[in-house]
Protein chains: 2
Amino acid sequence: MVTRTDAPTRREQILKEAARLFAERGFHGVGVDEIGAAVGISGPGLYRHFPGKDAMLAELLVGISGQLLTGAKRRLAEADGQTGAEAVLDSLIEGHIDFALDDRPLITLHDRELDRLRDSDRKLVRQLQRQYVELWVEVVREVYPALSEPSARSAVHSVFGLLNSTPHLGRAGTLPGRGATAELLHRMARGAFAAAGSD
Amino acid sequence: MVTRTDAPTRREQILKEAARLFAERGFHGVGVDEIGAAVGISGPGLYRHFPGKDAMLAELLVGISGQLLTGAKRRLAEADGQTGAEAVLDSLIEGHIDFALDDRPLITLHDRELDRLRDSDRKLVRQLQRQYVELWVEVVREVYPALSEPSARSAVHSVFGLLNSTPHLGRAGTLPGRGATAELLHRMARGAFAAAGSD
DNA sequence: CAGCGAGGTTAGCGGTCGTTAACCTGGAGG
DNA sequence: CCTCCAGGTTAACGACCGCTAACCTCGCTG
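Residues numbered from 1 in each chain as written. Chains lettered and ligands numbered in written order. Predicted model: local features only at pLDDT ≥ 70, side-chain atom pairs only at ≥ 80, totals over all residues. Heavy atoms only, no water.

- Chain A goes by TetR family transcriptional regulator in an unreviewed UniProt entry, where it is assigned to Streptomyces diastatochromogenes.

Put into structure tokens, the structure is as follows:
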């Protein structure tokens, strides 16, 4: 894991705050003035960093999808041949949980504001998402050969729903600690797949 | 189950179309003119039926939460004493799946646009949602006594995420039929709970 | 058959929002 | 020291949107 030590750039600040605000109140529910205020500058100042409000959302969504896919590919490559499919599936689940727990606003945006994108950006995001899903489907079917491909795809989407539920778990603190939550989610995801695979 | 035979009222038409549009493009992304057009009247005509756009969303969300809670209470009462906790849990899961499959737009709204409500309405909806969750938590803990209350609550929220993933499953037709999908979801939900309960 | 209310219509107001224009400023480089 | 540009500022424009006002028109009903 690469740890950043240098300060975040203004662009990164903006993206982070925009993600939080978009997740809280929806893309159309947030004004550029608010985003600016959140980073200490005022509305139109944002246009020195982004061509428009749409571009911020696009960069966020493309970034999320790309990051998920890249991480999954890396995990798949790291384990290829050496370890069994079970271990790969565990690694995929772990990666997705880390993302869901560490970047809740992004997870929220990811399946909520996709339709607000320009056509070309939306196509790109959907393509990345599809690749990510297909990668999971292959691994899941290797672990549970009884699953048909459509069933496996449905199961994967459903498990994403399960893992992405983290924003609904107590807003902060009330849940039993990050480690325990991650472990609970992991067990439940495996249990859900196992139940789906007992055709 | 009560089956309606009479034609839907204009109010009901409006609510249905508004739900669909809100789910597709978000509350702020839909104009009153579009909602009107969807039922064949034009924008301001809606104000003969609702005091404002907010009121439509409020009625939808309060209706959803109330319907879910009422259904769950009924299922709990029907089985009380007679059947085991396992059967009650199965009944709850079945009811939630029916709702998720039959009213996808409402399920989408339910956890997406809550923050767009007036304070009083939002409090009411949250209270109904909380009661619904607590009802599930009690049943789940009866079936899996090893689960602590916080863990059970997290597990319930996560299973809701799983069951509410239906809008993400193929937009229509591509999934293996309603019955098979319902059964798959049911099995996965039970599997997830079982895995959570093996503390 | 007069009257009236339910349920529409169109025009338009007031506010908000994304974006652009025009201007300012501090610090780095020759 | 002059220049320039990155990164701000405020003012303002145009579009859009929720909502109201004013008006119309049926179908009941006394």
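More follows now that the structure is in view.
So, the overall build of chain A
- Within chain A, the regular secondary structure consists of eight helices and zero strands.
- For chain A, the N- to C-terminal ordering of α and β elements is α-α-α-α-α-α-α-α.
- Against the globule reference of 16 Å for 199 residues, chain A gives a C-alpha radius of gyration of 18 Å, in line with a compact fold.
- Dimensions of chain A along its principal axes, counting C-alpha atoms only, are 55 × 40 × 30 Å.
- Of the contacts made within chain A by residues no fewer than 6 positions apart, 69% connect residues no fewer than 24 positions apart. (Helix = DSSP H or I, 4+ residues; strand = E, 2+ residues; numbered from the N terminus. Rg over C-alpha atoms; globule rule 2.2 N^0.38 Å. Contact = heavy atoms within 4.5 Å.)

What to know about the interface of chain B and chain A
- Counting from both sides, the interface comprises 32 residues of chain B and, opposite them, 32 residues of chain A.
- Both sides together, the interface formed by chain B and chain A hides about 2,700 Å², and carbon and sulfur atoms give 60% of it.
- Of all residues in chain B, Arg112(B), Arg187(B) and Met188(B) bury the most surface against chain A, accounting for 19% of the area lost on that side.
- One can count zero salt bridges joining chain B with chain A. (Buried area = accessible area lost by both parts, 1.4 Å probe. Salt bridge = Lys/Arg side-chain N within 4 Å of Asp/Glu carboxyl O.)

Digging into the relation of the copies chain B and chain A
- Its rotation angle being 180°, the transformation that places chain B on chain A also includes 0.0 Å of axial translation and leaves an RMSD of 0.0 Å. Such a combination of turn and shift is consistent with a two-fold rotation axis.
- Most of the interface of chain B is mirrored in chain A: 100% of its interface residues are interface residues there too. (Least-squares fit on C-alpha atoms with pLDDT ≥ 70 in both.)

Side note on the protein's contact with DNA strand D
- Among the 15 residues in the neighbourhood of DNA strand D, the closest are listed as Arg10(A), Arg48(A), His49(A), Tyr47(B) and Lys53(B).
- Sugar plus phosphate, as a fraction of atoms of DNA strand D within 4 Å of the protein: 53%.
- At a separation of 2.9 Å, a phosphate oxygen of DNA strand D approaches a polar backbone atom of Ser42(A).
- Between Tyr47(B) and DNA strand D, the recorded distance is 2.4 Å, taken from a side-chain N or O atom to a phosphate oxygen. (Near = heavy atom within 4 Å. Polar contact = N/O pair within 3.5 Å; in protein donor to acceptor, adjacent residues only side chain to side chain.)

Looking at the UniProt feature "domain: HTH tetR-type" (unreviewed entry) in chain A
- Mapped onto the present numbering, the UniProt feature "domain: HTH tetR-type" (unreviewed entry) falls at residues 8–68 of chain A.
- When the span residues 8–68 of chain A is considered, its composition is 64% helix and 0% strand, and the gap between its end C-alpha atoms is 21 Å. (UniProt positions renumbered as here; feature names shortened; annotations may be inferred.)

A closer look at the packing of helix α3 (residues 53–79) of chain A against helix α4 (residues 85–102) of chain A
All names here are of chain A.
- Axis separation between α3 and α4 bottoms out at 10 Å; the angle between their running directions is 150°. On the basis of the axis angle, α3 is roughly antiparallel to α4. The handedness of the crossing between α3 and α4 comes out as right-handed. Within the contact between the two elements, α3 uses Ile64, Gln67, Leu68, Ala72, Arg75, Leu76 and Ala79 and α4 uses Val88, Ser91, Leu92, Glu94, Gly95, His96, Asp98 and Phe99. (Axes fitted to C-alpha atoms, helices over the stretch in contact; angles between N-to-C directions. Parallel < 35°, antiparallel > 145°, perpendicular 65-115°, else oblique. Left-handed = near helix turned anticlockwise from the far one by under 90°.)

A few points about the protein's contact with DNA strand C
- As a matter of local geometry, DNA strand C sits amid 15 residues, with Tyr47(A), Lys53(A), Arg10(B), Arg48(B) and His49(B) nearest to it.
- For DNA strand C, the fraction of atoms within 4 Å of the protein that belong to sugar or phosphate moieties is 52%.
- Within the surface near DNA strand C, the residues separate by chemical class into six nonpolar, five polar and four charged. (Nonpolar A, V, L, I, M, F, W, Y, C, P; charged D, E, K, R; others polar.)

Regarding the pattern of salt bridges
All names here are of chain A.
- A complete count under the given rule lists 34 salt bridges over all chains for this structure.
- With a shortest N-O distance of 2.9 Å, Asp90 and Arg190 are connected by a salt bridge. With Asp90 in helix α4 and Arg190 in helix α8 (residues 178–196), this pair connects stretches of sequence that are 100 residues apart.
- The buried category is assigned to Arg190, whose relative accessible area is 15%.
- Ionic pairing is found between Arg126 and Asp115, a salt bridge with its closest N-O pair at 3.8 Å. (Buried < 20%, exposed > 50% of the residue type's maximum accessible area, 1.4 Å probe, protein only.)

Examining the nonpolar core
- Counting 126 residues, the largest nonpolar core has Trp136(A) and Trp136(B) as the members making the most contacts within it.
- For Trp136(A), the contacting residues outside a window of four places in its chain are Leu89(A), Leu92(A), Ile93(A), His96(A), Val156(A), Phe160(A), Leu163(A) and Phe193(A). (Core = buried A, V, L, I, M, F, W, Y, C linked by side-chain atoms within 4.5 Å.)

Description of empty space enclosed by the protein
- Within this structure, the stated rule accounts for one cavity of 30 Å³ or more.
- Approximately 90 Å³ is the volume attributed to the largest cavity.
- Taken together, the residues that form the lining of the largest cavity break down as two nonpolar, six polar and eight charged. (1 Å grid on protein atoms, 1.4 Å probe; cavity = no way out; pocket = protein on both sides within 12 Å on 5 of 7 lines; lining within 4 Å. Points joined across faces, edges and corners; volume = space filled by probe spheres on them.)

With respect to the UniProt feature "DNA-binding region" (unreviewed entry) in chain A
- Feature annotation in UniProt places "DNA-binding region" (unreviewed entry) on residues 31–50 of chain A, given in this structure's numbering.
- Between the first and last C-alpha atoms of residues 31–50 of chain A the distance is 14 Å; the span itself is 35% helix and 0% strand.

Some points on the side chain of Arg116(A)
- Checked against the element boundaries, Arg116(A) lands in the loop between α5 (104–110) and α6 (119–143).
- The class of Arg116(A) is buried, set by a relative accessible area of 15%.
- At a separation of 3.0 Å, a polar atom in the side chain of Arg116(A) contacts the side chain of Glu113(A).
- Residues within four places of Arg116(A) in sequence aside, it is in contact with Phe27(A), His28(A), Leu57(A), Glu24(B), Arg25(B) and Gly26(B).

Describing the confidence of the model for chain A
- Model confidence for chain A is summarised by a mean pLDDT of 94, while 95% of its residues fall at 70 or above.
- The spread of mean pLDDT over the elements of chain A runs between α5(A), the lowest at 95, and helix α2 (residues 32–38) of chain A, the highest at 98. (pLDDT = per-residue confidence, 0-100.)

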